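Secondary and tertiary structure notes
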Amino acid sequence: MSNRVKSGLFAAAATVVLAGGVPAASAQELAEAQRVTHAVTAGDVGSLDPTLPWVSVEAPILTVVLEGLVDYPPGEISMDFQPSLAESWEIGDDGRIYTFRLRQGVLWHEDFGEFTAEDVKFTLDRYRDEDVSAWASNYDKVEDVEVVDRYTVKVTLKEADPLFLALVAGNTESVGLMLSRAAFEKRGADAMRLHPIGTGPFAFSEYVPRDRVVLTRNEDYWGGVANLEEIVIRFMPSATSRELALRTGEIDTMRASIDSQLLDRLQKQGFVIDTQGPEVHWWLHMNTDVKPLDDIRVRKAIAHAINPEDLKSFLGPVATVSDTLIANSYFGAASHEDIPEEARWRYDPKLARELLAEAGYGEEGFELSMIITERDDYRQMMVLIQEHLKQVGIELKLNLVDHAHYHSQIVNHVNPLVMFGDISYPNAEILLTRAFRTGALRNFARWSSTDFDQLLDGAGRETDLETRAFLLVEAQKLVAQDFIVLPTTFTAQPLIRHPRVDLGYDLRQSLVLEYRFGTKTRILAEK
Amino acid sequence: MWLYVLERVLRTLITLLLAVTLIFFAVRVLPGDPAEALMGRHMSAEGLETLRRQMGLDVPVWDQYLQFLGNLLRGDLGISLALGQPVSTLLWDVAPYTAIVVVGAMLIGAAIGIPAGILSAIHRNRAIDYLARFISLSGISLPGFVIAILLMLPLAVYLGWFPMVGGGRTDSPASLVHFGFLPALAGGIGMAAYLTRLTRSTYLEILNEDYIRTARAKGLSDRRVLYKHALRNALIPIVTLLGIYSIIMIGDSIAIEIVFSRPGFGRLIMGGITQRDYVVLQSVLLVYVAFAAIVNLVVDLLYVLIDPRIKLGRIHGD
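Residues numbered from 1 in each chain as written. Chains lettered and ligands numbered in written order. Predicted model: local features only at pLDDT ≥ 70, side-chain atom pairs only at ≥ 80, totals over all residues. Heavy atoms only, no water.

The next thing to look at is the overall build of chain A. Tallying secondary structure elements over chain A gives 15 helices and 19 strands in all. Its C-alpha radius of gyration of 24 Å places chain A within 12% of the 24 Å reference for a compact globule of 527 residues. Summarising its shape, the C-alpha atoms of chain A cover approximately 75 × 55 × 45 Å along the three principal directions. Counting the 527 residues in chain A, one finds 58% classified as buried. When contacts within chain A are restricted to residue pairs at least 6 apart in sequence, long-range pairs at least 24 apart make up 72% of them. (Helix = DSSP H or I, 4+ residues; strand = E, 2+ residues; numbered from the N terminus. Rg over C-alpha atoms; globule rule 2.2 N^0.38 Å. Buried < 20%, exposed > 50% of the residue type's maximum accessible area, 1.4 Å probe, protein only. Contact = heavy atoms within 4.5 Å.)

Right, let's talk about the interface of chain A and chain B for a bit. Quoted interface sizes are often the accessible area lost when the parts come together. With 40 residues of chain A in contact, the opposing surface of chain B contributes 41 residues. When the two sides are added together, the surface that chain A and chain B hide from each other amounts to roughly 3,100 Å², 58% of it contributed by carbon and sulfur. Considering only the side of chain A, the residues that lose the most area to chain B are Arg-210, Leu-244 and Glu-250 of chain A, jointly responsible for 21% of the buried surface there. Where chain A meets chain B, there are zero salt bridges. Applying the counting rule to chain A against chain B returns five residue pairs in polar contact (both at pLDDT 80 or more). Where the side of chain A that touches chain B is concerned, the elements lending two or more residues are strand E10 (230-235), helix H6 (239-248) and helix H12 (403-410) of chain A. Tallying contributions element by element places H6 of chain A first for the side of chain A that touches chain B, with six residues. Tallied by class, residues from the side of chain A that touches chain B come to 17 nonpolar, twelve polar and eleven charged. (Buried area = accessible area lost by both parts, 1.4 Å probe. Salt bridge = Lys/Arg side-chain N within 4 Å of Asp/Glu carboxyl O. Polar contact = N/O pair within 3.5 Å; in protein donor to acceptor, adjacent residues only side chain to side chain. Nonpolar A, V, L, I, M, F, W, Y, C, P; charged D, E, K, R; others polar.)

A word on the confidence of the model for chain A. Per-chain confidence: chain A averages 88 in pLDDT, with 94% of residues scoring 70 or above. Note on residues 1-26 of chain A: pLDDT is under 50 here. Beyond four places in sequence and across chains, it has 55 contacts. (pLDDT = per-residue confidence, 0-100.)

What follows deals with the pattern of salt bridges. All names here are of chain A. Evaluation of the coordinates by the stated rule reveals 40 salt bridges over all chains. One salt bridge in this structure joins Asp-252 and Arg-500, with 2.6 Å as the shortest N-O distance. Note that Asp-252 is positioned in the loop between H6 and strand E11 (253-255) and Arg-500 in the loop between strand E17 (485-497) and strand E18 (501-502), a separation of 248 residues in sequence. Accessibility expressed as a relative area gives 6% for Asp-252, which makes it buried. Owing to a relative accessible area of 13%, Arg-500 belongs among the buried residues under this scheme. Across the salt bridge formed by Arg-255 and Glu-514, the nearest N and O atoms sit 3.6 Å from each other. With a gap of 259 residues between them, Arg-255 in strand E11 and Glu-514 in the loop between E18 and strand E19 (522-523) connect regions that are remote in the sequence. Residues Arg-255 and Glu-514 agree in their burial class; the two are buried. Several salt bridges share partner residues, and in doing so they unite Glu-206, Asp-211, Arg-212 and Arg-234 into one network.

Okay, the sheet that holds strand E5 (residues 97-102) of chain A next. Residue and element names in this part refer to chain A. Strand order in the open sheet formed by four strands is E4-E5-E7-E6, with antiparallel pairing between adjacent strands. Every interior strand has two partners, whereas the edge strands, strand E4 (86-92) and strand E6 (142-149), have only one. Looking at each pair of strands side by side, their axes are set apart by 20° on average, direction ignored. Two elements, E5 and strand E7 (residues 152-157), share five bridges in a ladder whose sense is antiparallel. Counterpart to Thr-99 in the pairing with E7 is Lys-154. Against the sheet, helix H3 (residues 117-128) makes contact with E5, E6 and E7, and its axis sits at roughly 165° relative to E6, the strand it touches most. (Pairing = 2+ DSSP bridges. Axes fitted to C-alpha atoms, helices over the stretch in contact; angles between N-to-C directions.)

To continue, consider the nonpolar core. Core analysis: the biggest nonpolar cluster contains 134 residues, and Leu-69, Phe-100 and Leu-102 of chain A have the highest contact counts within it. The dominant element in this core, judged by the number of residues it contributes, is helix H5 (residues 87-122) of chain B, at 14 residues. Sequence-distant contacts of Phe-100 of chain A, that is, excluding residues within four places in its chain, are made with Leu-69, Ala-86, Ser-88, Trp-89, Tyr-151, Thr-152, Val-153, Val-155, Phe-164, Leu-165 and Val-168 of chain A. Membership of the second largest hydrophobic core comes to 107 residues, among which are Ala-319, Ile-371, Met-381 and Ile-423 of chain A. (Core = buried A, V, L, I, M, F, W, Y, C linked by side-chain atoms within 4.5 Å.)

Quick look at the pairing of E10 of chain A now. All names here are of chain A. Among the six residues that make up E10, five are buried, leaving the element largely enclosed by the rest of the structure. Inspection of the sheet shows strand E1 (residues 35-40) paired to E10 by six bridges, in the parallel sense. The residue bridging His-38 from the neighbouring strand is Ile-233, located in E10. Relative to E10, strand E9 (residues 212-217) is paired through five bridges, and the arrangement is antiparallel. Within E10, the residue paired with Arg-212 across the bridge is Arg-234.

A cluster of basic side chains, namely Lys-218, Arg-224, Lys-228 and Arg-232 of chain B, defines a positive patch on the protein surface. Secondary-structure assignment places Lys-218 of chain B in the loop between helix H9 (210-217) and helix H10 (222-259). (Patch = residues over 30% accessible without salt bridge, like charges linked within 9 Å, V, L, I, M, F, W, Y side chains within 5 Å. Areas by Shrake-Rupley, 256 points an atom, 1.4 Å probe, with all protein chains shown as cover. Lys, Arg positive; Asp, Glu negative; His and termini not counted. Charge placed at Lys NZ, Arg CZ, Asp CG, Glu CD.)

Quick look at the packing of H10 of chain B against helix H11 (residues 265-274) of chain B now. Residues and elements named next belong to chain B. Following both chains from N to C, one finds H10 and H11 inclined at 85°, their axes separated by 7 Å at the closest point. When the interaxial angle is binned, H10 and H11 end up roughly perpendicular. Touching Ile-254, Glu-257 and Ile-258 of H10 are Phe-265, Gly-266, Arg-267 and Met-270, all from H11. Residues of the contact of H10 with H11, tallied by class, amount to four nonpolar, one polar and two charged. (Parallel < 35°, antiparallel > 145°, perpendicular 65-115°, else oblique.)

A separate point is a nonpolar patch on the surface. All names here are of chain B. Taken together, the side chains of Leu-3, Leu-6, Val-9, Leu-10 and Leu-13 make up a nonpolar region of the molecular surface, amounting to roughly 460 Å² of accessible area. Within the secondary structure, Val-9 is located in helix H1 (residues 2-29). Classification of Val-9 by relative accessible area gives partly exposed; the value is 32%.

Turning to helix H8 (residues 296-305) of chain A, a few remarks are in order. Residue and element names in this part refer to chain A. By the criterion of burial, H8 is predominantly enclosed, with seven of the ten residues buried. Listed in full, the buried residues belonging to H8 are Val-298, Arg-299, Ala-301, Ile-302, Ala-303, His-304 and Ala-305. One side-chain oxygen of the residue at the start of H8 lies 2.8 Å from the amide nitrogen of Arg-297, identifying that residue as Asp-295.

A few words on the packing of H1 of chain B against helix H12 (residues 278-306) of chain B. Residue and element names in this part refer to chain B. Orientation of H1 relative to H12, taken along the N-to-C sense of each, is 160°, at an axis distance of 9 Å. The orientation of H1 with respect to H12, classified from their angle, is roughly antiparallel. Between H1 and H12 lies a crossing whose hand is right-handed. Mapping the contact onto sequence places Tyr-4, Val-5, Arg-8, Val-9, Thr-12, Leu-16, Ala-19, Val-20, Ile-23, Phe-24, Val-27 and Arg-28 in H1 and Tyr-278, Leu-281, Gln-282, Leu-285, Leu-286, Val-289, Ala-290, Ala-293, Leu-297, Asp-300, Leu-301 and Val-304 in H12. The class makeup of the residues in the contact of H1 with H12 is 19 nonpolar, two polar and three charged. (Left-handed = near helix turned anticlockwise from the far one by under 90°.)

The next point concerns the pairing of strand E12 (residues 272-286) of chain A. All names here are of chain A. E12 sits mainly inside the fold: 15 of its 15 residues count as buried. Taken together, the ten bridges between E12 and E17 define a ladder with antiparallel strand orientation. Note on E17: the bridge partner recorded for Val-280 is Thr-491. Pairing geometry for E12 and strand E16 (residues 417-422), over six bridges, is antiparallel. Directly across from Trp-283, in E16, lies its bridge partner Phe-420.

Here is the structure:
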């Protein structure tokens, strides 16, 4: 236990470096055009106002246009927060009061004046407002935001929260980024939805629906003017086109599907493959409200029927198979030893058949029917699982639907089994709260345990990190013992870049699932 | 003649009204709504209600329908729910990209397909016929987006003659053609394949007709028989197919736009589906239907020009 905490909170992400690293920094010649074109798999952005939900498509745009009060060290997610728009901060009253001293002379893009404490108050109040913000519940603990003077702001929490800084940090796929009060007041929230105003190294320049977003260099950036003149984010839903365009040089970087053959091919062609944590958790939830999954013997049988090695060989080197629930790069993850042996997930089809026979399904087995998204990773994993279940006499019927429909329907609990890939700030508490708390939106197992809820409540109140981690491990044991979810696999995110793109930092972990380009990112001249 | 035109125009208008109604309700049958699609899984129920009110989704569907029809009569296609821009602007912005692919594909298809079909028919069961039949069968069997990828590899990836990503600049016809050539070729090859086969079979049928034998017996030259008497009569099915194919091409252009990462109507539709943007969806579909109806109308009217036997009387006849 103490080991895990002492070795640094989120130390040592399980990243796999497949090829190359950052090319040597100094003696390289720069290319004439300092422009990078990055392809995203989505067909368009949803919104560029971080108050509304945003995901990996918007993240490479928002996190370079807007900034948080603090930031993580480049290429890393840790508790070692660094100054960003706040130059320094103090934590008082046993962790309840955060006083931020803001950097002076930081200018908003497009002449919206100087960034001040008023903007911080406006931003946090906006994020807390349930009527406009998708993230209001994240800020439940904020009691008050007070402007002390032009460059000082004081945030009072209802109770101490050692992870509060993560809510005002950059490099994220949720909240934290500072908004311009003047811009919102002058233009109105509707106009701001697709035209972000920030303080970051790149300013929003153009949005062409379904085609691209263009960002240009902020010549007044407080942190030093960036090398790149322009960042183009292109929406390219076709996997084949992305791959070919990478080869023609029309795009420089992209996020790759988790597909071992594709990664192999790209590596042979000389592209650099970066893999970044934190891991996505591919959890298979079992709905305990549905017969016969209400019987723990049946759930155990399903768990023992699934062969993790098959999933791994499909997903390739970015995947790790796990018999515990949460990847060990996450704070508070239970280790192999923490989980009692009988509650660990392992492949044992013989045991699965015995359990089914015991539950009365020995002869005929039974049938299950579910919807599954057409997205490759989800679909292919479920097809493998379908085959595994067939071996023990369970007929699983898969009905293909589009991705948006899948996500809108699984929260209505239409499926007996739910495959869901979840990722968060690397803290087990977040994943556990989302998936297993009584009545949680994504409690796909429809499981309810007072003990579990109490453990999580306790962890949330606990300021001693070691005790907090202990409580989280206890909570994971409860989940494991009831066989309501299978961990299946964890995957790191593969990102592909042409060797001429020098990120300017060593990428190991990021909460932005695409590349986040920095001031030091540059394009090298090709030999 | 004018009665014939009037009757066709009226039929077209009725078709359009039915289609508009069907589309309006069909897009609303999709599970989930734009507010949910925008807010995802994060939003509180109150927040969703606020958003629905802002989007005008809280009024009864029937009122929304009447309002939609009213706006339509004034030529107003509405404001996109997801993008906040007028749909007509969105459509006009991308229209050149879709137009160049559809028109280009038609031209390429006709330029290859009609001569190939005639040659194939004239040289029936000879090498040239077998070759044309083989190629056209392959062209029919391969979907447009597969052809697109097969074209990309040599012409864009290895030779680098054409770009693969984007649609070019709308203010420069040369750039539009440069970016649009491969997508148009991808669509045009499939069309050429259909046209080759249709032209060939029509031609063969016609060449066996009595009037061709008579023309030959009169001592007319081969050229005159083949290109004047036969071609004119073969035109009706060919024009029909051109009409139908231009409608198919609009559909095909969706896949082609995705493969070539081009902006266009198809991408608007795809985005409209994921964002449950009813306004964009119904308007783009409406444009498709209107296009199909107009093409049908034009084809019907062209018959009159091509075949003088089609006249007023035909209305009462069929």
